[in-house]
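Here are the chains, one letter per residue:
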Amino acid sequence: MTSTETLPVSTVPTTAGAATALTDPASEQRWTPRLWGILAVLCTVLFLDGLDVSMVGVALPSIGTDLHLSTTSLQWIVNGYVLGYGGLLLLGGRTADLLGRRNTFLIALGVFAVASLAGGLINNGTLLIGTRFIKGLAAAFTAPTALSILTTTFHEGRGRNRALSVFSVFGASGYSSGLILGGLLTSFGWRWTFLIPAPLAVVALIAGIALIHRDSRATEGGHDLVGALTLTTGMLLAVYTVVSAPQRGWLDPVTIASIVVAVALLVTFVVTENRVAHPLIRLGILRVGSIVRANLSMIALFGSYLSYQFMMTLYLQTVLHWSPLKMAFALLPAGLVVAFGSPFVGRLIDRYGSQRLIVTSMASLSLGYVWFLATAGNSPHYAITILPTMILLGGGFAFGFSSITAQATHGIDDSEQGLASGLVQTSGQVGAALVLAVVTALVAGGSSTDSAADFRQFHPGVNLVTGVAVVGLLLNLAPLVRRYNPRHA
């Protein structure tokens, strides 16, 4: 192959002319069939993430009934995946930078397929959570690697924003498809919601082997094993402590010891990163205000919505006794808004900038939750309360995902794209785990769902996710206010 337009940026060019064609942002990148094929493989992985999360979410009440799991145990079906995902995302992104994006991506995708198959064949709740954790570990390597392959294959600017928009559409399509497919499959048995992703992952794996170009390892750098161990262990222990403390008690000696050890590990990580020659995270990246805001915005986006979906799944199926398919259609509008709205976000970023789009995203999220609280009462009506809320939340995701990702990776050198991608996704996953843990504690401490169709026990949880979204909005409004304040002109 001689056409340089079809080569990813991660491929080392053999001539100065090729290098210029690949890296000059002023040149217009031609989207060849192979380039589209690479994007399709990457989008399939995001599609699987969305498909998996939504299908499993729909199946939670059925899983709980079949395996005799409590509400607190059910949240581990979600957080088992999130803990594995968030705990190793940074290591996954850095591994891709150091060992090669292609090999890291393909190996992790194979593990994802095997874990999917195993999850559908297991009869024990603890083992099921274990497969979810392993699946999350695999996603911790596929997700940042896919995004770093995308951001190094497509030129920064119009081409990359367009690719990110397509990327987001597939994520939304996976989520939307997963809701409906999860509702249908759960009618035949919840195990099918775990089995379906396996063959899709195998297809993506085969296509990836054929289409994704081999890339060279980093010519400089090393493995910061101490940093990787202390960060990963510290994050996992911190999230586990927050998740388990409501049951064990915050003043329990085990909880206190876990907090102390987690803090010690994270402090050790910071000290290590300032001293080693090749740190896992260049801490200087956190001195960039826009990158910090992007990571906090991802926490608000994922943390609030994942927890809201968890509560609505339990309420609609457990309290109102809706069928899985009916519940899936009830939550579907959010995914449809993202699927149809995301293709336009790339052009909006080009025109208005990522910061304004993120503010729009946070405003839509906040308005959705506030509307829910204002109209829900003790028995929320679907047409008046739930439907408008889902549309507003879908708007938040449509505007937010691509714009937050674009801001988090803007101006980052190709050698650190995996780090930046992993960092922003880690923020979303770990933030989601922490918010969900607190929401679960609030919901579990409320009134029993065995009473009438009452939403009262879920009100504290919705109050929390509303606060998370509003904080995200205020955080992103601050730089815009300073920019247009005459005193700062």
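The structure we're discussing is the one just above.
The rules behind each value
- Residues numbered from 1 in each chain as written.
- Predicted model: local features only at pLDDT ≥ 70, side-chain atom pairs only at ≥ 80, totals over all residues.
- Heavy atoms only, no water.
- Helix = DSSP H or I, 4+ residues; strand = E, 2+ residues; numbered from the N terminus.
- Buried < 20%, exposed > 50% of the residue type's maximum accessible area, 1.4 Å probe, protein only.
- Contact = heavy atoms within 4.5 Å.
- Areas by Shrake-Rupley, 256 points an atom, 1.4 Å probe, with all protein chains shown as cover.
- Core = buried A, V, L, I, M, F, W, Y, C linked by side-chain atoms within 4.5 Å.
- Salt bridge = Lys/Arg side-chain N within 4 Å of Asp/Glu carboxyl O.
- Axes fitted to C-alpha atoms, helices over the stretch in contact; angles between N-to-C directions.
- Parallel < 35°, antiparallel > 145°, perpendicular 65-115°, else oblique.
- Nonpolar A, V, L, I, M, F, W, Y, C, P; charged D, E, K, R; others polar.
- Phe/Tyr/Trp six-rings, centres within 6.5 Å; stacked < 30°, edge-to-face > 60°.
- Left-handed = near helix turned anticlockwise from the far one by under 90°.

K.L.:
Pulling in residues and values, what's your account of the overall build of the protein chain?
P.N.:
From N to C terminus, the protein chain includes 17 helices and 0 strands. Counting only residues that meet the buried cut, the protein chain has 57% of its 489 residues in that class. For the protein chain, the proportion of contacts with a sequence separation of at least 24, taken over those separated by at least 6, is 84%. Carbon and sulfur atoms provide 68% of the accessible area of the protein chain, an area that totals close to 19,600 Å².

K.L.:
Let's hear about the nonpolar core: which residues, and what values?
P.N.:
Counting 128 residues, the largest nonpolar core has Phe105, Tyr305 and Met312 as its most contacted members. With residues near it in sequence (within four places) discarded, Met312 still touches Leu331, Phe372, Ile386 and Phe455.

K.L.:
Describe in detail the pattern of salt bridges, supporting the description with residues and values.
P.N.:
For the structure shown, the criterion picks out 2 salt bridges. With its nearest N and O atoms 2.6 Å apart, the salt bridge here joins Arg132 to Asp52. You can see Arg132 sitting in helix 5 (residues 125-153) and its partner Asp52 sitting in helix 2 (residues 33-67), a full 80 residues away along the chain. For the pair Arg132 and Asp52, one class covers both residues: buried. A salt bridge links Lys135 to Asp52; the nearest nitrogen and oxygen atoms lie 2.5 Å apart. Residue Lys135 is located in helix 5, and its partner Asp52 is located in helix 2; the two are separated by 83 residues in the primary sequence. Asp52 sits in the buried class, given a relative accessible area of 0%.

K.L.:
Summarise the packing of helix 13 (residues 345-352) against helix 14 (residues 354-376); cite the residues concerned and give the values.
P.N.:
Each pair of packed helices gets described by two things: the angle between the helix axes and the distance between those axes. Direction vectors running N to C along helix 13 and helix 14 enclose 125°, while the axes themselves pass 7 Å from each other. On the basis of the axis angle, helix 13 is oblique to helix 14. Of helix 14, the residues touching helix 13 (which contributes Leu348, Ile349 and Tyr352) are Ser354, Arg356 and Leu357. Tallied by class, residues from the contact of helix 13 with helix 14 come to 4 nonpolar, 1 polar and 1 charged.

K.L.:
Which residues make up unusual backbone geometry, and what values go with them?
P.N.:
Of note, the phi angle at His68 is positive, near 60°, even though the residue is not glycine. Along the chain, His68 turns up in the loop between helix 2 and helix 3 (71-99). On the basis of relative accessible area, His68 is assigned to the exposed category, the value being 72%. Positive phi, close to 60°, is recorded for His321, a residue that is not glycine. By the element assignment, His321 lies in the loop between helix 11 (289-319) and helix 12 (324-341).

K.L.:
Summarise the packing of aromatic side chains; cite the residues concerned and give the values.
P.N.:
For the coordinates displayed, the defined rule picks out 10 aromatic pairs. Judged by centre distance (4.8 Å) and plane angle (90°), the rings of Tyr315 and Phe455 are edge-to-face. Placement of Tyr315 in helix 11 and of Phe455 in the loop between helix 16 (417-444) and helix 17 (459-484) is noted, with a sequence separation of 140 residues between them. We classify Phe455 as buried; its relative accessible area is 0%. Pairing Tyr315 with Phe458 gives two aromatic rings, centres 5.9 Å apart and planes at 75°, and the pair type is edge-to-face.

K.L.:
Give a description of the packing of helix 4 (residues 101-119) against helix 5 that names residues and reports values.
P.N.:
In contact at an axis separation of 8 Å, helix 4 and helix 5 are set at 150° when each is read in the N-to-C sense. Looking at the two axes, helix 4 sits roughly antiparallel to helix 5. Here the hand of the crossing between helix 4 and helix 5 comes out left-handed. The segment helix 4 lies against helix 5, with Arg101, Thr104, Phe105, Ala108, Leu109, Val111, Phe112, Ala115, Ser116, Ala118 and Gly119 engaging Leu128, Thr131, Ile134, Lys135, Ala138, Phe141, Thr142, Thr145, Ala146, Ser148, Ile149 and Thr152. Here the contact of helix 4 with helix 5 is built from residues that sort into 13 nonpolar, 8 polar and 2 charged.

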